[in-house]
Amino acid sequence: MTKLTGLRLRVFLLFASCCLSTLAFATPEEEAQLDSLDKIDQQLELQRDWAKYRWEKAQNECYTHYWVSYCLSGARSDYRKAIDPISTQQIALHTEQRKIRESLKDQKDAEKIANRASPEKAAERAENKQKYEQKQKDAAQRAADLEQRRKDAPKRSQENKAGTQLD
């Protein structure tokens, strides 16, 4: 029970520090914070899995008793008592994770916009466009040459036949 209390305290302190701080985090700090939140989430998921295991075990034991419905309702009640605090913590944790992920995404989007606006990128895009247009012209020229060769094929065939007759 002390592990659960310690975990609750850590989640509460982490959540409070995140919500109360109005300073913008640097990306490495946010990523480190997101990693720590992911670890806490894994621990909560493990607690949830154990509670579910205990509930399923209690359900199986209930079917050996005479008052099955009464036993099942008690088992369900015990499960809810174990799972409700975990769910509350997970909701707060997932909210904070969403905020951090959104902040990271916003920072990455701003960086992409800044990169696209740079003159080097504009010159690179213009060069790429010019190369693309040149490749399109070359492909069209090759297609036209191929079509011309197909049209001239019977004539070349006749010329080859005429020039290669053996005496």
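The sections below set out a description of the structure shown in this document. Computed from a predicted structure; not experimentally measured.

1. Examining the overall build of the chain
Summing up its helical and strand segments, the chain has four helices and zero strands in all. Overall, the chain shows an N-to-C arrangement of helices and strands of α-α-α-α. With 167 residues in all, the chain has 17% of them scored as buried. The long-range share in the chain, meaning contacts at least 24 apart out of those at least 6 apart in sequence, stands at 76%. With the model as given, the accessible surface of the chain reaches about 13,500 Å², and the carbon-plus-sulfur share is 56%.

2. Some points on the packing of aromatic side chains
In this structure the tally under the stated criterion is three aromatic pairs. For the pair W50 and Y53, a centre-to-centre distance of 5.6 Å together with 90° between the ring planes defines the contact as edge-to-face. Taken together, the positions of W50 and Y53, both in helix α2 (residues 27-62) and three residues apart, correspond to about one turn of that helix. Overall, W50 belongs to the partly exposed group, its relative accessible area being 47%. Classification of Y53 by relative accessible area gives partly exposed; the value is 43%. On the numbers, 4.5 Å between centres and 15° between planes, the contact of W55 with Y79 is stacked. Taken together, the positions of W55 in helix α2 and Y79 in helix α3 (residues 68-117) put the pair 24 residues apart, joining distant regions of the chain. Among the residues examined, Y79 registers a relative accessible area of 13% and is labelled buried.

3. Quick word on the nonpolar core
In globular proteins that are soluble, nonpolar side chains generally tend to be buried together. L34, L37, I40, L44, I86, L93, I100 and L104 together form the largest nonpolar core, which totals eight residues. Of all the secondary-structure elements, those providing two or more residues to this core are α2 and α3. Ignoring any residue separated from it by four or fewer positions in sequence, one finds L93 in contact with L37, I40, D41 and L44.

4. Remarks on α2
Compared with an ideal rise of 1.5 Å per residue, which puts 36 residues at 52 Å, α2 spans 52 Å between its outermost C-alpha atoms and is within 8% of the ideal. Where α2 is concerned, the buried positions are E30, Q33, L34, L37, I40, D41, L44, Q47, A51 and C62.

5. So, the environment of Q90
Relative to the assigned elements, Q90 resides in helix α3. For Q90, a relative accessible area of 6% translates into the label buried. Sequence separation of Q90 and L44 is 46 residues, and the distance between their C-alpha atoms is 7.1 Å. Apart from the residues lying within four places of it in its own chain, the contact partners of Q90 are D41, L44, E45 and R48.

6. Some remarks on the side chain of D41
Among the secondary structure elements, D41 is positioned in helix α2. There is no salt bridge for the buried D41, and the closest opposite charge comes from R101, which lies 6.8 Å off by N-O distance. If sequence neighbours within four positions are ignored, D41 has contacts with Q90, L93, H94 and Q97.

7. Some thoughts on a nonpolar patch on the surface
A surface patch of nonpolar side chains, amounting to about 350 Å² of accessible area, comprises L46, W50 and Y53. With respect to the element layout, L46 can be found in helix α2.

8. Structural notes on the pattern of salt bridges
Under the defined criterion, the tally for this structure stands at four salt bridges. D84 serves as the salt-bridge partner of R80, at 2.7 Å between the closest nitrogen and oxygen. In this pair, R80 and D84 both sit in helix α3, four residues apart, roughly one turn of the helix. A residue is classified by how much of its surface remains accessible, and D84, at 36% relative accessible area, is partly exposed.

Here is what the cut-offs are and how they apply
Residues numbered from 1 in each chain as written. Predicted model: local features only at pLDDT ≥ 70, side-chain atom pairs only at ≥ 80, totals over all residues. Heavy atoms only, no water. Helix = DSSP H or I, 4+ residues; strand = E, 2+ residues; numbered from the N terminus. Buried < 20%, exposed > 50% of the residue type's maximum accessible area, 1.4 Å probe, protein only. Contact = heavy atoms within 4.5 Å. Areas by Shrake-Rupley, 256 points an atom, 1.4 Å probe, with all protein chains shown as cover. Phe/Tyr/Trp six-rings, centres within 6.5 Å; stacked < 30°, edge-to-face > 60°. Core = buried A, V, L, I, M, F, W, Y, C linked by side-chain atoms within 4.5 Å. Expected span 1.5 Å × (residues − 1). Lys, Arg positive; Asp, Glu negative; His and termini not counted. Salt bridge = Lys/Arg side-chain N within 4 Å of Asp/Glu carboxyl O. Patch = residues over 30% accessible without salt bridge, like charges linked within 9 Å, V, L, I, M, F, W, Y side chains within 5 Å.

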